[in-house]
Amino acid sequence: MEAVIANKSSYKANMLKFRWWEFKAQNAIMENLLTASRLRNYHILDAYDINIRRPDHHRPPDCLHNCFPSKTEVYHQLMLHFLKVSANSSLHS
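Residues numbered from 1 in each chain as written. Predicted model: local features only at pLDDT ≥ 70, side-chain atom pairs only at ≥ 80, totals over all residues. Heavy atoms only, no water.

Trainee: So what about the overall build of the protein chain? Which residues, and what values?
Mentor: Across its full length, the protein chain holds five helices and zero strands. Order of helices (α) and strands (β) in the protein chain, N terminus to C terminus: α-α-α-α-α. By the burial criterion, 16% of the 93 residues in the protein chain qualify as buried. Sequence-distant contacts, at least 24 apart, represent 45% of the contacts inside the protein chain between residues at least 6 apart. Of the roughly 7400 Å² of accessible surface on the protein chain, a fraction of 60% belongs to carbon and sulfur atoms. (Helix = DSSP H or I, 4+ residues; strand = E, 2+ residues; numbered from the N terminus. Buried < 20%, exposed > 50% of the residue type's maximum accessible area, 1.4 Å probe, protein only. Contact = heavy atoms within 4.5 Å. Areas by Shrake-Rupley, 256 points an atom, 1.4 Å probe, with all protein chains shown as cover.)

Trainee: Explain the pattern of salt bridges to me, using residue names and the numbers behind them.
Mentor: Under the definition given, this model contains one salt bridge. Its salt-bridge partner being Glu22, residue Arg19 comes within 2.6 Å of it at the nearest N-O pair. Judged by its relative accessible area of 23%, Glu22 falls in the partly exposed class. (Salt bridge = Lys/Arg side-chain N within 4 Å of Asp/Glu carboxyl O.)

Set out below in structure tokens:
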């Protein structure tokens with residue numbers, strides 16, 4: 001899948017603005033900055049693997065985006081998981 005994402009010739013002109021081929025490197029930069037920072041109470045929700053499988057998200061509605069589980073539904077499930085884990089750990093601290 002990485003080769004598909006990196007192949008800029010496979011994108012329509014209006015899709016080039018999203019620069020999907022740079023997401024993995026940009027995520028790594030941000031993760032390194034957060035790790036080096038003084039922040040200690042944060043969680044990283046890396047959505048790269050979800051998005052790389054669906055680089056077509058900016059299209060008119062269709063079954064890929066409206067049938068469950070859509071990317072949005074997966075994001076909701078992940079966020080709910082993080083909130084539950086955070087709530088449980090604060091109860092037991």
